[in-house]
Amino acid sequence: MVGMQALAKFNMFVGYLGYFGVCYVIDMFASSSSSDDRNNNVRIKFLALASPYVNARRRRTTVRVSNPCRTCSLKGYDWVVDVLNGNPVRCHESFRMPVDVFKKLCRVLRDDYGLTCSNKIGIAEMVAMFVYILAHAQSNRDIQERFQHSGEPVSRLFHKVLKSILNMSKDIIKPRGNALHETPRYIREHPKVEYRICFKDCIGALDGSHVSAIVIEENRQKFTGRKGVPTQNILAVCDFDMMYTYVSAGWEGSTHDSQVLDHYLRVEKLKFFKPPSRYANKTGFLAPYKGEMYHVPVFQSGMPASGPREVFNKAHSKLRNVIEWTFGVTKKSGGYWVQCLLLNLRHKQRL
């Protein structure tokens, strides 16, 4: 404030200096003239010309009063505390998780994955902003208004939490224990023998899903596929406990599922995942028979499986349904990789 006052005084001084300079020129001009009337007319004309300049300088030197933008009395931290200490439904609606899960997430990110607080914003508020963006597809401006912070810390702290989340995902989205080298308990203990014989080496199911993407105009065409809008093609794998073991994101929406799968097989050489019927048989996973009844509702409508191929397809379809169930649970619970509709593509690839 002191600096602004000094600058205002300096500008005012310059304005007066210009005024007196004009007056000095008038006097010099008037002294060289012979007529008093002419001197007065010249002086009046010069003062008329100088007056707008002096008034403009004075208006510009007026000190501007600061008008803060984020003035809500309920600050971001206070709102987070109010949500966590209020009705449990509020926490689930705001952060898509129970209170104890949110608090545990903050502790894990802090203790195990190096998340630290900033000078003015704590870990709980940082994680709340991150989760709120993903759960409700909020923009930076929305978060500024909700948490009463400017845009720069919102963006910076989002990337900070994202980095810790990425480190945590490496320990979560992966096969558990010795799952790659043993028959899952679901198949090993299944009452029907065809499951135990045909799928004894199966370790999970896979499927693709399209998620909306925001891309620059020059990339819009290659990201626009059968959905008619820009999307990215995501390949996900889960085990029979509905736990994700692999997620590949960032593929253009126009990319065929088989191309995504080919890349996946070159990178991760796992065996006998259950793909949908649109995939072909390849080394490492088992597809159903083409040209035969496949989907479970067809068999449930009263048409029994006839022949070994239809029996195999029926069992295959039931096993593969686990990935559909997992997708459904993820979307219903507001899963992060489904809800981040307003994040740009680079962030979606990282998520």
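It should be noted that the structure appears before, not after, this text.
What you see is a predicted model, and the numbers here were worked out from it, not measured in a lab.

(A) Spatial organisation of the packing of helix α5 (residues 99-112) against helix α6 (residues 123-136). Their axes nearest at 10 Å, the elements α5 and α6 cross at an angle of 110°. Accordingly, the angle class assigned to the pair α5 and α6 is roughly perpendicular. Taken as a pair, α5 and α6 cross one another with a handedness that is right-handed. Of α6, the residues touching α5 (which contributes F102, L105, C106, L109 and R110) are I123, A124, V127 and A128. Here the residues of the contact of α5 with α6 are counted per class, giving eight nonpolar, no polar and one charged.

(B) Up close: the nonpolar core. Ranked by size, the top nonpolar core spans 35 residues in total, and within it F95, F102, L109, V127, F130 and F147 carry the most contacts. Of all the elements in the fold, those that place two or more residues in this core are α3 (76-85), α4 (88-95), α5, α6, α7 (140-147) and α8 (151-172). Of the residues forming this core, the biggest block, 10 residues, is contributed by α6. Excluding its chain neighbours within four sequence positions, the residues that come into contact with V127 are F102, L105, C106, L109, L115 and V161. Among the nonpolar cores identified, the runner-up in size contains 16 residues, and A205, F312, L319 and V322 belong to it.

(C) Quick peek at the pattern of salt bridges. For the structure on display, the rule yields eight salt bridges. Residue D82 pairs with R90 through a salt bridge whose shortest N-O separation is 2.9 Å. Its relative accessible area of 38% is what places D82 among the partly exposed residues. Owing to a relative accessible area of 30%, R90 belongs among the partly exposed residues under this scheme. Shared partners join several salt bridges into a network, and the residues in it are R176, D239 and D241.

(D) Summary view of unusual backbone geometry. The phi dihedral of R96 falls on the positive side, at around 60°, and the residue is not glycine. Locating R96 in the fold gives a position in the loop between α4 and α5. You can call R96 partly exposed: its relative accessible area is 28%.

(E) Spatial organisation of the side chain of S94. Here S94 lies in helix α4. Dropping the residues within four chain positions of it, S94 is found in contact with W79, V83, Y132, A135 and H136.

(F) Local environment of α5. The terminal C-alpha atoms of α5, which comprises 14 residues, lie 20 Å apart, in line with the 20 Å expected from a rise of 1.5 Å per residue. Among the residues of α5, V99, F102, L105, C106 and L109 are the ones counted as buried. One face of α5 carries all of its buried residues, which in axial projection span an arc of 130°. Among the exposed residues of α5, those pointing more than 90 degrees away from its buried face are D100, K104, D111 and D112. Taken together, the buried residues of α5 touch α3, α4, α6 and α8.

(G) Region of interest: the environment of S169. Mapping S169 onto the fold places it in helix α8. At 2.6 Å, the side chain of S169 and the backbone oxygen of L166 are in polar contact.

(H) Representation of the packing of α7 against α8 in the model. One way to put it is that α7 packs onto α8 with a least axis distance of 9 Å and a crossing angle of 105°. Taken together, the axes of α7 and α8 are roughly perpendicular relative to one another. Across the interface between the two elements, N140, I143 and Q144 of α7 pack against G151, V154 and S155 of α8. Its residues assigned to classes, the contact of α7 with α8 shows two nonpolar, four polar and no charged.

(I) Broad picture of a nonpolar patch on the surface. Together, I172, I173 and V247 give the surface a local cluster of nonpolar side chains, amounting to about 220 Å² of exposed area. Within the secondary structure, I173 sits in the loop between α8 and α9 (185-188). A residue is classified by how much of its surface remains accessible, and I173, at 34% relative accessible area, is partly exposed.

Cut-offs and rules
Residues numbered from 1 in each chain as written. Predicted model: local features only at pLDDT ≥ 70, side-chain atom pairs only at ≥ 80, totals over all residues. Heavy atoms only, no water. Axes fitted to C-alpha atoms, helices over the stretch in contact; angles between N-to-C directions. Helix = DSSP H or I, 4+ residues; strand = E, 2+ residues; numbered from the N terminus. Parallel < 35°, antiparallel > 145°, perpendicular 65-115°, else oblique. Left-handed = near helix turned anticlockwise from the far one by under 90°. Contact = heavy atoms within 4.5 Å. Nonpolar A, V, L, I, M, F, W, Y, C, P; charged D, E, K, R; others polar. Core = buried A, V, L, I, M, F, W, Y, C linked by side-chain atoms within 4.5 Å. Buried < 20%, exposed > 50% of the residue type's maximum accessible area, 1.4 Å probe, protein only. Salt bridge = Lys/Arg side-chain N within 4 Å of Asp/Glu carboxyl O. Expected span 1.5 Å × (residues − 1). Arc of directions from axis to C-beta. Polar contact = N/O pair within 3.5 Å; in protein donor to acceptor, adjacent residues only side chain to side chain. Patch = residues over 30% accessible without salt bridge, like charges linked within 9 Å, V, L, I, M, F, W, Y side chains within 5 Å. Areas by Shrake-Rupley, 256 points an atom, 1.4 Å probe, with all protein chains shown as cover.

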